[in-house]
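Residue-level structural notes
Here are the chains, one letter per residue:
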Amino acid sequence: MKKIRLLVLSSCLGLLANAQNNFMLYSFKGNVTILEQAVESKARVGKIMNNSAMVKIAAGGLVTLVCNEAAMFTISKPGTYPLHKFADSCKVNHSSFTSNYIKYIWSQMTKSSGSPGSNRKAYMNTVGAVSRGINNIWIDPRLDTVNYSGGAFPLSWKSYTEANEFVFYLYPAGNRNTVVYMATVSKLKIPISGFAAKMTAGESYEWIAAIKGEENEERKVLNYVSKETFNSLLETIKNQGAPFEAPAEQAYRTGFMLEDAHYLAEAYEYYSKATLLDPANALYRSTLMSFKKDYEIK
């Protein structure tokens with residue numbers, strides 16, 4: 001009798017664990033529909049389903065699902081699939097980058113309030129440095145280290161006092177005696193593309209922004225990365241996705257991972273690409289607007 005009770009308890013726990021799986025439609029291609037309570041509807045990115053739903057894939061179709069905000073998997077063969085059969089696919093087996101992104105995309109697609117895409121940093125590994133001095137210039141910790149290989153992106157700052165002119169200095173990393181570039185500007189930012197020709201690919205630099213006539217000892221890091229190094233990272237990021245991602249989903253994930261890796265100009269390019277590929281996606285549009293606001297991109 002005791003053995004029977006244990007078997008019954010084990011079965012019940014297994015069914016309970018199975019019942020707790022929820023799925024989100026992350027990406028699809030071709031003719032994919034969802035069957036819920038005998039009602040069939042067209043697939044849409046962001047749709048949440050429980051174990052009782054079924055996914056119907058026509059010939060030539062593909063679908064990628066996220067399970068329990070932790071795992072991502074692709075169904076690539078035509079057929080009708082009850083989701084309760086995919087309990088084993090809900091196990092986490094991703095790198096920290098991919099795992100963080102899966103948790104992020106689940107939270108954004110399922111949130112009921114707030115601006116989607118505005119809390120990206122909460123799901124990223126990077127943490128900005130604490131300010132090292134007290135002065136009239138404040139530089140966002142997001143810009144503590146910037147990796148740059150090309151593109152349009154500004155370095156920006158805030159001023160605690162009214163000022164009409166600011167001075168920007170660029171130095172070789174660890175060398176305070178050599179100025180690579182200096183400029184006086186009237187805005188609270190300067191485009192990297194404006195002085196990129198002064199830098200050497202593969203080298204690291206430090207930069208300072210100060211009110212003209214004042215000093216600021218707080219330095220931020222700018223790594224000028226070679227195209228070869230960046231392209232290698234980009235290939236790695238693209239290969240970390242699910243077996244299938246639509247172009248818009250891949251572009252958005254790439255933007256997220258590039259931002260997490262401090263490639264901000266490049267992240268901007270891919271967030272913009274995702275929005276162009278899927279202009280109806282509210283998350284992509286909102287993230288792009290939030291990114292531009294965070295980094296003073298007009």
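Let me sum up the structure you'll find in this document. (Residues numbered from 1 in each chain as written. Predicted model: local features only at pLDDT ≥ 70, side-chain atom pairs only at ≥ 80, totals over all residues. Heavy atoms only, no water.)

Here we take up the sheet that holds strand S14 (residues 181-185). Two modes of strand pairing occur in sheets, parallel and antiparallel, and in both the strands are linked by backbone hydrogen bonds. Pairing in this open sheet of five strands is mixed, and the strands run S10-S17-S16-S13-S14 from one edge to the other. Whereas interior strands pair on both sides, the edge strands pair on one side only; in this sheet they are strand S10 (145-148) and S14. Taken over all neighbouring pairs, the strand axes of this sheet differ in orientation by 20° on average, direction set aside. Taken together, the four bridges between S10 and strand S17 (residues 220-224) define a ladder with parallel strand orientation. (Pairing = 2+ DSSP bridges. Helix = DSSP H or I, 4+ residues; strand = E, 2+ residues; numbered from the N terminus. Axes fitted to C-alpha atoms, helices over the stretch in contact; angles between N-to-C directions.)

The strand order S4-S1-S6-S7 describes an open sheet built from four strands, whose pairing is antiparallel. What marks the edges here is a single partner per strand, and that holds for strand S4 (48-50) and strand S7 (71-75). Between one strand axis and the next, the sheet turns through 35° on average, direction left out of account. Both strand S1 (residues 22-29) and S4 contribute to a ladder of three bridges, which runs antiparallel. From the neighbouring strand, Met24 faces S4, where its bridge partner is Ile48.

A few words on the pairing of strand S2 (residues 32-36). A large share of S2 lies buried, amounting to four of its five residues. In the sheet, S2 pairs with strand S5 (residues 54-57) via four bridges, with the strands oriented antiparallel. Among the inter-strand pairings, Ile34 is bridged to a residue of S5, identified as Val55. As paired elements, S2 and strand S3 (residues 39-42) share four bridges and run antiparallel to each other. Bridge pairing in S3 links Thr33 to Lys42. Between the antiparallel neighbours S2 and S3 lie two residues, among them Gln37 with a positive phi of about 50°. (Buried < 20%, exposed > 50% of the residue type's maximum accessible area, 1.4 Å probe, protein only.)

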